[in-house]
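Each chain, written out:
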Number of protein chains: 2
Amino acid sequence: MSRRPGFELKTPKGTRDWVGSDLAWREDIFQTISSVFKRHGGTPLDTPVFELKEVLAEKYGEDAHLVYDLADQGGEICSLRFDLTVPFARWLAMKKITHVKRYQIAKVYRRDQPAISRGRLREFHQCDFDIAGLYDPMIADAEILSIIAEVFEALDLKITIKINHRQILDGLFAVAGVPDEKMRSISSALDKMDKMSWSEVKREMVQEKGLLEEVADRIGDYVRRSGDIYEVLQFLESNPGFSANENMKAGLHDMRLLVSYLEALDVVNKVSFDLSLARGLDYYSGLIFEIITKPPSGNVAVVSGEGIQSSEQRKPEPSQVGSIAAGGRYDSLVGMYGKRPIPCVGVSFGVDRICTVLEERREKAQKPKIDVYIMAFSGKDSNGFLLERMMVARQLWDAGIRAEFAAKVKPNLPQQFKAAKDLPLAVIFGQDELSAGQVRLKVLLPDNDENDTKDRGQLVSREDLVEEVKKLLKITISN
Amino acid sequence: MSRRPGFELKTPKGTRDWVGSDLAWREDIFQTISSVFKRHGGTPLDTPVFELKEVLAEKYGEDAHLVYDLADQGGEICSLRFDLTVPFARWLAMKKITHVKRYQIAKVYRRDQPAISRGRLREFHQCDFDIAGLYDPMIADAEILSIIAEVFEALDLKITIKINHRQILDGLFAVAGVPDEKMRSISSALDKMDKMSWSEVKREMVQEKGLLEEVADRIGDYVRRSGDIYEVLQFLESNPGFSANENMKAGLHDMRLLVSYLEALDVVNKVSFDLSLARGLDYYSGLIFEIITKPPSGNVAVVSGEGIQSSEQRKPEPSQVGSIAAGGRYDSLVGMYGKRPIPCVGVSFGVDRICTVLEERREKAQKPKIDVYIMAFSGKDSNGFLLERMMVARQLWDAGIRAEFAAKVKPNLPQQFKAAKDLPLAVIFGQDELSAGQVRLKVLLPDNDENDTKDRGQLVSREDLVEEVKKLLKITISN
């Protein structure tokens with residue numbers, strides 16, 4: 001029954017355990033995010049960790065090979081969820097829901113190359129808010145961008161929301177002269193501009209994807225205009241070639257509406273129009289966006305003119321973790337499951353990456369896990385009062401007070417004080433106190449360092465103990 | 001890209017979605033349980049949903065075939081976690097931790113026959129508290145039983161804790177005359193007494209497992225004594241055959257200690273000594289227990305004398321969901337991974353079954369998801385004030401107030417009142433109010449039914465809006 005020789009005891013590749021204060025800290029971040037979701041009327045949803053494999057099929061394009069499958073053990077064939085969007089779409093179609101704001105915070109699974117130090121894991125949390133339903137154009141989209149702004153305000157993190165529009169991208173490619181059959185591959189090459197220089201991207205377009213060099217140069221010229229949303233809109237609107245393209249016209253109309261809504265919602269100053277943003281997933285159909293931790297800087301934003309010329313400046317900084325949230329509009333996904341399409345727009349927060357970013361300024365001070373340590377004076381001649389320590393513990397537990405005692409029949413006093421180190425309070429008693437129906441209550445913090453075992457604390461009757469403990473905890477905690 | 005004809009859109013067998021108030025209600029139950037865990041100094045742990053297959057190997061005896069495996073897609077071979085105990089033991093061994101109280105609330109996976117109406121699923125939550133470390137005997141065991149009592153007190157659920165001891169069971173089988181090689185199979189037959197009558201169990205022992213009938217009868221005679229812990233202890237201690245058995249002697253010593261501790265912790269009145277309790281899992285080595293929702297009833301407890309005679313009385317009641325928590329001591333499990341054994345004792349709460357039991361008395365009233373609905377008076381001649389509604393929304397969101405508005409450019413008033421139905425407050429404005437820098441604030445609850453659209457509410461300046469909303473929310477919520 002023992003383990004095989006040479007078997008290394010570990011968690012599976014790209015996964016890790018979370019424990020104690022790290023976990024509590026992460027839960028606090030989840031709490032902060034979900035409180036923003038609740039302000040917007042979000043309904044929580046929890047779906048199974050695996051879905052029928054067929055539900056996930058044909059949703060992830062080039063990334064499909066990263067899906068974890070369950071073994072065929074007879075019965076249904078299933079896969080671990082890859083994101084929270086597809087389970088949400090499956091749920092909408094299955095329950096025939098036409099209008100909802102739902103949020104979900106849960107783990108997703110991708111057989112990707114892990115980089116744990118940069119918060120890139122195979123098992124990681126996503127934190128999604130989506131608005132489903134047919135509404136007037138761009139209102140829900142604007143609310144999603146407002147939620148993004150509010151979440152990062154609540155987390156006190158400066159961000160830039162890079163936005164683009166699938167129809168604008170399609171129009172731009174068409175006007176530049178990209179043949180229809182190359183649209184997807186050129187789009188996915190362009191999407192690499194957050195990792196590669198323009199010259200590398202251009203080389204991929206021309207040499208690997210067979211695009212004419214002059215077409216690639218036109219694309220390069222267009223996406224150089226990325227940055228300030230008003231200027232990019234003006235550039236696109238004033239170009240007669242663009243305004244003749246139906247996709248471009250529709251996309252620009254959406255973007256003008258969006259800008260007016262983002263002004264009302266006080267979000268527009270966080271937004272940068274990035275014409276190179278393409279987003280990998282197949283299902284996006286309108287607005288798309290990615291959030292990075294860089295602050296916005298007017299015209300010279302994510303994809304600056306110079307950046308396109310210089311390959312060096314495009315390399316990610318060491319501390320950069322890539323996008324920390326992303327999303328967009330996907331109006332056709334739900335229709336792949338049900339009879340009717342349900343328009344949706346939503347955002348997914350990469351909370352593990354957000355944690356990696358926030359980690360740097362996290363206060364590492366450990367909070368005590370216990371309020372009161374219950375200890376006994378026990379000489380050679382006396383017992384360790386274990387039963388009495390248990391009774392006091394039960395009394396405190398029943399009052400919701402976090403209490404502990406040594407799991408020994410006869411612990412000595414130095415052992416007990418050592419265990420109580422860094423805790424706020426101690427309840428101490430021996431035969432004298434017990435005979436009088438009393439215990440001693442001693443404040444250990446904040447000057448616990450001296451371990452002054454001679455200060456025996458104040459005498460309190462058993463009946464008043466809970467009240468006195470609560471009173472003292474309020475004082476020590478407020479210190 | 002559309003779904004295959006005949007493909008039924010569903011969640012995988014034995015799984016389900018949770019949504020909205022159901023999910024929030026379940027989270028509240030988790031919260032109640034984990035607050036008890038925190039009182040006892042528990043450290044939270046979160047482990048990956050899958051483990052290396054080797055970590056799970058040889059831990060689950062007859063149940064091993066219920067483990068979900070991941071497909072072999074190259075790289076490590078993994079399985080979904082089957083419980084939270086094995087990941088905990090793996091973590092202890094991996095991190096070389098010798099003393100900890102840890103808790104974990106997470107989903108586990110078993111390819112079992114599901115029965116969703118009875119809360120029996122293939123994906124279900126467990127909620128575990130375990131104490132690892134070498135302490136004086138039975139103190140940690142008693143604390144675990146106190147935690148069980150406190151959890152169900154906090155959930156206001158009457159329970160019986162059925163306890164037994166693996167060494168007592170071994171001694172009892174030895175004295176009854178069970179050959180060593182039949183110990184495990186007879187133990188697992190006996191464990192079915194919560195589902196089958198004694199005559200059925202006896203038939204399995206004699207006809208399937210080849211036990212002598214007189215030995216089976218002796219076992220039946222012993223386990224008939226189950227019930228009141230003091231009486232069972234006295235019966236076992238006063239029998240000279242038992243007291244000569246080393247296993248029995250050690251087990252009885254543990255149980256006597258435990259009883260004194262349970263008295264101090266005020267838990268003994270919830271305990272019933274069930275000599276038929278065996279627990280399926282291989283790794284238990286000492287105290288074992290199972291919690292059922294029946295109240296204790298003195299001598300005539302879980303396995304009554306009559307129960308053994310009558311096959312009818314042993315059938316589970318329709319509303320019964322089986323055990324709602326279970327656990328025990330497992331001193332050798334961690335040693336299977338590391339060099340040193342770490343003694344452990346712990347409990348696992350079956351929270352989905354607990355939810356099924358609590359469901360009956362749950363208040364189904366929906367709480368409003370939104371505090372304030374923002375609406376505009378918009379005639380034919382005016383616009384719908386969408387931008388202004390957005391600005392007010394952002395103002396309320398920033399103050400932490402849950403607010404919503406119609407995602408329409410020109411919504412009409414009846415539509416907006418309909419959307420605001422069952423919400424506490426409405427902010428309403430038209431051109432007049434806006435020109436004066438004001439809005440109207442209208443209390444919708446509790447007499448919202450009349451949809452009195454003529455009461456236009458009180459006038460409030462934009463600057464005072466947040467404060468006034470907070471004031472009114474306090475009043476409407478306290479109503």
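Residues numbered from 1 in each chain as written. Chains lettered and ligands numbered in written order. Predicted model: local features only at pLDDT ≥ 70, side-chain atom pairs only at ≥ 80, totals over all residues. Heavy atoms only, no water.

Focus: the overall build of chain A
Helix and strand counts for chain A stand at 17 helices and 16 strands. Across the 479 residues that make up chain A, the buried fraction comes to 56%. Long-range pairs, those at least 24 residues apart, make up 72% of the contacts in chain A between residues at least 6 apart in sequence. Accessible surface, chain A as shown: approximately 20300 Å² in total, 49% of it carbon and sulfur. (Helix = DSSP H or I, 4+ residues; strand = E, 2+ residues; numbered from the N terminus. Buried < 20%, exposed > 50% of the residue type's maximum accessible area, 1.4 Å probe, protein only. Contact = heavy atoms within 4.5 Å. Areas by Shrake-Rupley, 256 points an atom, 1.4 Å probe, with all protein chains shown as cover.)

Details of the pairing of strand S15 (residues 438–443) of chain A
All names here are of chain A. The pairing of strand S14 (residues 425–429) with S15 spans 4 bridges and is antiparallel. Across the sheet, the residue bridging to Ile 428 is Arg 440, located in S15. One ladder, built from 4 bridges, connects S15 with strand S16 (residues 458–461); its direction is antiparallel. From the neighbouring strand, Leu 441 faces S16, where its bridge partner is Gln 458. (Pairing = 2+ DSSP bridges.)

What to know about the interface of chain B and chain A
Interfaces are often sized by the accessible area lost when the parts come together. Contacts between chain B and chain A engage 94 residues on the former and 94 residues on the latter. For the chain B and chain A pair, buried surface summed over both sides reaches about 8300 Å², with 60% attributable to carbon and sulfur atoms. Summed over the shared surface of chain B and chain A, the number is 12 salt bridges. Close ionic contact of Glu 76 of chain A with Lys 10 of chain B constitutes a salt bridge, the shortest N to O distance being 2.6 Å. On inspection of chain B and its partner chain A, the count reaches 44 residue pairs in polar contact (both at pLDDT 80 or more). By residue class, the composition of the side of chain B that touches chain A is 45 nonpolar, 16 polar and 33 charged. (Buried area = accessible area lost by both parts, 1.4 Å probe. Salt bridge = Lys/Arg side-chain N within 4 Å of Asp/Glu carboxyl O. Polar contact = N/O pair within 3.5 Å; in protein donor to acceptor, adjacent residues only side chain to side chain. Nonpolar A, V, L, I, M, F, W, Y, C, P; charged D, E, K, R; others polar.)

Section: unusual backbone geometry
Despite not being glycine, Lys 96 of chain A has its phi angle at roughly 55°, a positive value. Positionally, Lys 96 of chain A belongs in the loop between helix H3 (85–95) and strand S5 (100–109). Judged by relative accessible area, which is 71%, Lys 96 of chain A ranks as exposed. Of note in the backbone geometry, Met 138 of chain B takes a positive phi value of approximately 70° without being a glycine. When you line up the elements, Met 138 of chain B lands in the loop between strand S6 (123–132) and helix H4 (139–154). Met 138 of chain B gets classed as buried once you look at its relative accessible area, which sits at 4%.

Some thoughts on the packing of helix H4 (residues 139–154) of chain A against helix H14 (residues 386–398) of chain B
It is at 12 Å that the axes of H4 of chain A and H14 of chain B come closest, and there the two elements cross at 25°. One element, H4 of chain A, and the other, H14 of chain B, form an angle in the roughly parallel class. For H4 of chain A against H14 of chain B, the interelement crossing comes out right-handed. When H4 of chain A is examined against H14 of chain B, the residues Ile 139, Ala 142, Glu 143, Ser 146, Ala 149, Glu 150 and Glu 153 of chain A are found in contact with a partner set consisting of Leu 386, Met 390, Arg 394, Trp 397 and Asp 398 of chain B. The class makeup of the residues in the contact of H4 of chain A with H14 of chain B is 6 nonpolar, 1 polar and 5 charged. (Axes fitted to C-alpha atoms, helices over the stretch in contact; angles between N-to-C directions. Parallel < 35°, antiparallel > 145°, perpendicular 65-115°, else oblique. Left-handed = near helix turned anticlockwise from the far one by under 90°.)

A closer look at the UniProt feature "binding site: L-histidine" (unreviewed entry) in chain A
All names here are of chain A. Taking the numbering used here, the UniProt-annotated feature "binding site: L-histidine" (unreviewed entry) corresponds to Asp 83, Leu 84, Thr 85, Arg 110, Gln 126, Asp 130, Arg 279, Tyr 283 and Tyr 284. Note on placement: Asp 83 falls in the loop between strand S4 (78–80) and H3. If near-sequence neighbours (up to four positions away) are discounted, Asp 83 is found in contact with Tyr 60, Val 108, Arg 110, Gln 126 and Tyr 283. A polar contact is formed between the side chain of Asp 83 and the backbone nitrogen of Thr 85, at a distance of 3.3 Å. Along the chain, the position of Tyr 283 falls in the loop between strand S8 (271–273) and strand S9 (287–292). You can call Tyr 283 buried: its relative accessible area is 8%. Setting aside residues up to four positions removed in sequence, Tyr 283 forms contacts with Lys 59, Tyr 60, Asp 83, Thr 85, Val 86, Arg 329, Tyr 330 and Leu 333. (UniProt positions renumbered as here; feature names shortened; annotations may be inferred.)

A look at the packing of aromatic side chains
One pass over the structure, following the stated rule, counts 29 aromatic pairs over all chains. For the ring pair Tyr 222 of chain A and Phe 242 of chain A, a centre distance of 4.9 Å and an interplane angle of 65° mean the geometry is edge-to-face. Pair noted here: Tyr 222 of chain A is in helix H8 (residues 213–223) and Phe 242 of chain A is in helix H10 (residues 240–243), with a separation of 20 residues, a long-range link. Overall, the relative accessible area of 8% leaves Tyr 222 of chain A in the buried class. According to the relative accessible area criterion, Phe 242 of chain A is buried, its value standing at 0%. Note on Trp 397 of chain A and Phe 405 of chain A: the rings are 6.3 Å apart at their centroids and 40° apart in plane angle, and the pair reads as tilted. The same class applies to Trp 397 of chain A and to Phe 405 of chain A, which are both buried. Pairwise contacts between aromatic rings join Phe 37, Tyr 103, Phe 129, Phe 152 and Phe 349 of chain A into one cluster. Over the ring of Phe 88 of chain B we find Arg 102 of chain B, and its NZ or CZ is 4.2 Å from the ring centre. (Phe/Tyr/Trp six-rings, centres within 6.5 Å; stacked < 30°, edge-to-face > 60°. Lys NZ or Arg CZ within 6 Å of the ring centre and 35° of its normal.)

Some points on the sheet that holds S15 of chain A
Residues and elements named next belong to chain A. With mixed pairing, 5 strands are arranged side by side in an open sheet as S13-S12-S14-S15-S16. With one partner strand each, in any of the chains shown, strand S13 (403–405) and S16 form the two edges of the open sheet. Between one strand axis and the next, the sheet turns by 30° as a mean value, whatever way the strands run. Direction of pairing for strand S12 (residues 372–376) relative to S14: parallel, over a ladder of 5 bridges. When the sheet's bridge partners are listed, Val 372 is paired in S14 with Leu 425.

Points about the sheet that holds strand S12 (residues 372–376) of chain B
Residue and element names in this part refer to chain B. Ordered in space as S13-S12-S14-S15-S16, the 5 strands form an open sheet in which the pairing is mixed. At either margin of the open sheet sits one strand with a lone partner, and together these are strand S13 (403–405) and strand S16 (458–461). Taken over all neighbouring pairs, the strand axes of this sheet differ in orientation by 30° on average, direction set aside.

With respect to helix H7 (residues 198–208) of chain B
In an α-helix, one full turn covers 3.6 residues, which means residues spaced three or four apart are oriented alike. Residues and elements named next belong to chain B. When H7 is considered as a whole, its buried residues turn out to be Trp 198, Val 201, Lys 202, Glu 204 and Met 205. Down the axis of H7, the buried side of the element spans an arc of 155°, and every buried residue falls inside it. What points out from H7, more than 90 degrees from its buried face, is the exposed set Gln 207 and Glu 208. Just downstream of H7, Gly 210 is the residue with a positive phi angle, here 70°. (Arc of directions from axis to C-beta.)

So, the environment of Thr 32 of chain A
All names here are of chain A. Position of Thr 32 among the secondary structure elements: in helix H1 (residues 20–39). Given a relative accessible area of 25%, Thr 32 falls into the partly exposed group. For the pair Thr 32 and Ala 154, spaced 122 residues apart in sequence, the C-alpha separation works out to 6.8 Å.

Overview of the relation of the copies chain B and chain A
Of the two same-sequence chains, chain B is brought onto chain A (RMSD 0.1 Å, axial shift 0.0 Å) by a rotation of 180°. Interpreted geometrically, this transformation is the action of a two-fold axis. Comparing interface residues between copies, 100% of those in chain B also lie at the interface in chain A; the contact surface is shared. (Least-squares fit on C-alpha atoms with pLDDT ≥ 70 in both.)

So, the pattern of salt bridges
Residue and element names in this part refer to chain B. Scanning the model with the defined rule gives 64 salt bridges over all chains in all. In this structure, Lys 53 engages Asp 69 in a salt bridge whose closest nitrogen and oxygen atoms are separated by 3.1 Å. Highlighted residues: Lys 53 in helix H2 (residues 53–56) and Asp 69 in the loop between H2 and strand S4 (78–80), separated in sequence by 16 residues. On the basis of relative accessibility, which here comes to 35%, the residue Lys 53 falls in the partly exposed class. Note that Lys 192 and Glu 204 form a salt bridge whose closest N and O atoms lie 3.0 Å from each other. Within this pair, whereas Lys 192 is found in the loop between helix H6 (183–190) and H7, its partner Glu 204 is found in helix H7, the two being separated by 12 residues in sequence. Of the residues examined, Glu 204 reaches a relative accessible area of 6% and is grouped as buried.

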